[in-house]
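Coordinate inspection notes
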Amino acid sequence: QPAPVSPGTDPVPALTRYGIVGFQAANVVLGLWAIFSLIKTYRATGRFTTFQAMMIGWLLTYWQDPWLSALHPIFIYNAYVVNLGCWCEFLPGWSTPNGNRFPEPLLLNIPSYLALLPAAALPGLSAIRKITARNPTAGTFMRYMAAFVGVLIFWVPLELFATRILHIDIWPGAIRSVSFWSGSFYQIPVYEFIFFPAILAGCSMLLYSADRDGVTFIERGFVSSAPKKPRDEWFRVLAFAAYANLMNA
């Protein structure tokens, strides 16, 4: 029974109300650009680039977004976002009451999962290439840590802007002893800046593993070279969807 969640009568600063509108609009533009690029590339070549396959894979993890609050409200969004409630109660293991009243932001998160989250892996990929150019013998751990730092540089300002300044989301269930601005409604757990960049750094490593045909290690079990048939291409997409879902979970 999808229905918008009312923001209620609590006073909300103008920066938050208008900032949320602007941030959603920017994400919609980003999402439309991503869709256009996917269609253009596929029509021209019959396949997606490695990054585009990862974009689709990340989009297919969107169903997981509310899962953090499955047992109790850890992370929720501001109800001023465009929303139709949430499918939370259909998630495996969900037990938090009134899950349908979580304001899941449609205009914000669908484009974010398609474009913004995969884009966060690109600074990590750039960092891997820089460190391997300087040190060709750099091992897997060193490359991964370089990717982590690259993602962190991209992710921290974005997270602070969304949570601390615009108040698009909040962490009511954050562990206060390991949170910035502990006890405030805009508190942010330190581990948000560890676990999520760690996931995206893994995606940077995946992109780095691509060969000249754009085939990564998750595809090599069934694709020996660049896919030739539409069926092969969609198997690639499913491989990326599986990878992104496992990493996100």
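This text goes with the structure placed above it.
Everything numeric in this text was worked out from a predicted model, so none of it was measured.

Further remarks concern the nonpolar core. In terms of nonpolar packing, the biggest core is built from 22 residues, with Met-54, Trp-58, Trp-155, Phe-196 and Leu-200 touching the most fellow members. Residue assignment for this core shows that the elements contributing at least two residues are helix H2 (50–59), helix H3 (106–134), helix H4 (140–165), helix H5 (192–208) and helix H6 (230–248). Of all the elements, H5 adds the most residues to this core, at six residues. Once residues within four sequence positions are removed from consideration, Met-54 is found in contact with Pro-118, Ala-121, Cys-203, Leu-207 and Phe-240. Membership of the second largest hydrophobic core comes to 14 residues, among which are Phe-23, Tyr-77, Ile-168 and Trp-171.

On to the pattern of salt bridges, then. Across all of its chains, the model carries three salt bridges by this definition. Close ionic contact of Arg-236 with Glu-219 constitutes a salt bridge, the shortest N to O distance being 2.5 Å. Here Arg-236 is found in helix H6, whereas its partner Glu-219 is found in the loop between H5 and H6, with 17 residues between them in sequence. Pair check on accessibility: Arg-236 and Glu-219 agree, each one buried. Across the pair Arg-236 and Glu-233 runs a salt bridge, and its minimum N-O distance is 2.8 Å.

Let us look at empty space enclosed by the protein. Within this structure, the stated rule accounts for one cavity of 30 Å³ or more. Surrounding the largest cavity, Pro-66, Ser-69, Phe-75, Tyr-77, Phe-102, Pro-103 and Glu-104 form its lining. When its residues are assigned to classes, the lining of the largest cavity shows five nonpolar, one polar and one charged.

Its 29 residues place the ends of H3 43 Å apart at the C-alpha level, agreeing with the 42 Å of an ideal helix rising 1.5 Å per residue. Ser-112 marks where H3 bends most, by close to 55 degrees.

Let us now look at the packing of aromatic side chains. Per the stated rule, a full pass over the model turns up 18 aromatic pairs. Relative to Tyr-113, the ring of Trp-58 has its centre 6.3 Å away and its plane inclined at 50 degrees; by these criteria the two rings are tilted. You can see Trp-58 sitting in helix H2 and its partner Tyr-113 sitting in helix H3, a full 55 residues away along the chain. With respect to class, Trp-58 is no different from Tyr-113; both count as buried. Here the aromatic rings of Phe-185 and Tyr-186 are separated by 5.1 Å at their centres, their planes lie at 75 degrees, and the arrangement is edge-to-face. Three or more aromatic residues joined by ring pairs make a cluster, and in this case those are Trp-58, Tyr-62, Trp-87, Tyr-113, Trp-155 and Phe-196. For the cation-ring pair, Arg-164 lies above Trp-181, with the distance from its terminal atom to the ring centre recorded as 5.1 Å.

Take helix H1 (residues 14–45) next. Taking 1.5 Å of rise per residue, 32 residues should cover 46 Å, and H1 covers 46 Å from first to last C-alpha, within 8% of that figure. Those residues of H1 hidden inside the fold are in contact with H2, H3 and H4. Two residues or fewer past H1, Gly-46 is found with a positive phi of approximately 80 degrees.

As a further point, take the packing of H4 against H5. Orientation of H4 relative to H5, taken along the N-to-C sense of each, is 125 degrees, at an axis distance of 7 Å. The orientation of H4 relative to H5 falls into the category oblique. Between H4 and H5 the crossing geometry is right-handed. Contacts between H4 and H5 pair Thr-140, Arg-143, Tyr-144, Ala-147, Phe-148, Val-151, Leu-152, Trp-155, Val-156, Glu-159 and Leu-160 from the former with Glu-192, Phe-193, Ile-194, Phe-196, Pro-197, Ala-198, Leu-200, Ala-201, Gly-202, Ser-204, Met-205 and Tyr-208 from the latter. Along the lines of polarity and charge, the residues of the contact of H4 with H5 split into 17 nonpolar, three polar and three charged.

All right, on to a nonpolar patch on the surface then. Taken together, the side chains of Leu-15, Phe-161 and Ile-165 make up a nonpolar region of the molecular surface, amounting to roughly 270 Å² of accessible area. Structurally, Ile-165 can be placed in helix H4.

As a further point, take the side chain of Thr-50. Relative to the helices and strands, Thr-50 resides in helix H2. With residues near it in sequence (within four places) discarded, Thr-50 still touches Leu-207, Ala-210, Gly-214, Thr-216, Arg-236 and Phe-240.

Approximately 800 Å³ is the volume found for the largest pocket. The wall of the largest pocket is formed by 32 residues, among which Asp-65, Leu-68, Phe-75, Glu-192 and Phe-196 lie closest to the centre. Among the elements of the structure, H1, H3, H4 and H5 are those that each provide at least two residues to the lining of the largest pocket. A total of six residues in the lining of the largest pocket trace back to one element, the largest contributor, which is H3. For the lining of the largest pocket, a count of residues per class yields 21 nonpolar, seven polar and four charged. Its volume calculated, the second largest pocket comes out at about 490 Å³.

Quick notes on the rules
- Every chain begins its residue count from 1, and numbering advances along the sequence as written.
- Per-residue local features of the predicted model are confined to residues with pLDDT of at least 70, and side-chain atom pairs are confined, for both listing and counting, to 80 or more; whole-chain, interface and lining totals are unaffected and use all residues.
- Side-chain metrics in this entry use all non-hydrogen atoms of the structure; hydrogen atoms and water are not considered.
- Only buried Ala, Val, Leu, Ile, Met, Phe, Trp, Tyr and Cys residues count toward a nonpolar core, and they belong to the same one when joined by side-chain atoms within 4.5 Å.
- Exposure categories follow from relative accessible area, calculated using a 1.4 Å probe and restricted to protein chains: below 20% of the type maximum is buried, above 50% is exposed, and the middle band is partly exposed.
- A run of H or I in DSSP counts as a helix once it spans at least four residues, and a run of E counts as a strand once it spans at least two, with each numbered from the N terminus.
- Contacts are assigned to residue pairs with any non-hydrogen atoms lying within 4.5 Å of each other.
- Only one rule defines a salt bridge in this text: a Lys or Arg side-chain nitrogen within 4 Å of an Asp or Glu carboxyl oxygen.
- Whether a set of points on the 1 Å grid over the protein atoms alone is a cavity depends on a 1.4 Å probe fitting there but being unable to get out, while an open set qualifies as a pocket with protein on both sides within 12 Å along at least five of seven lines; lining residues are those with an atom within 4 Å of a point.
- Grid points are joined across faces, edges and corners, and a volume is the space filled by probe spheres set on the points.
- Gly falls in the polar group here, along with every residue not listed as nonpolar (Ala, Val, Leu, Ile, Met, Phe, Trp, Tyr, Cys, Pro) or charged (Asp, Glu, Lys, Arg).
- A helix is expected to span 1.5 Å for every residue after the first.
- What is called the bend at a residue is the angle between a pair of axes, fitted to the seven residues leading up to and ending at it and to the seven starting from it.
- Classification of ring pairs rests on two measures: the distance between centres of Phe, Tyr or Trp rings, Trp counted by its six-membered ring, which must be within 6.5 Å, and the angle between planes, read as stacked under 30 degrees, edge-to-face over 60 and tilted in between.
- For a Lys NZ or an Arg CZ to count as sitting over a ring, it must be within 6 Å of the ring centre and within 35 degrees of the ring normal.
- Each axis is a line fitted through C-alpha atoms, and for a helix only the stretch in contact is used; angles between axes span 0 to 180 degrees, taken between their N-to-C directions.
- Here roughly perpendicular refers to angles of 65 to 115 degrees, roughly parallel to angles under 35, roughly antiparallel to angles over 145, and oblique to all remaining angles.
- Note on convention: near helix rotated counterclockwise from far helix by under a right angle means a left-handed crossing. Clockwise means right-handed.
- Patches draw on residues past 30% relative accessible area with no salt bridge. Two like charges within 9 Å are joined, as are two nonpolar side chains (Val, Leu, Ile, Met, Phe, Trp, Tyr) within 5 Å.
- The Shrake-Rupley method, run with a 1.4 Å probe sphere, supplies the accessible areas, and residue values consider only the shown protein chains as cover.

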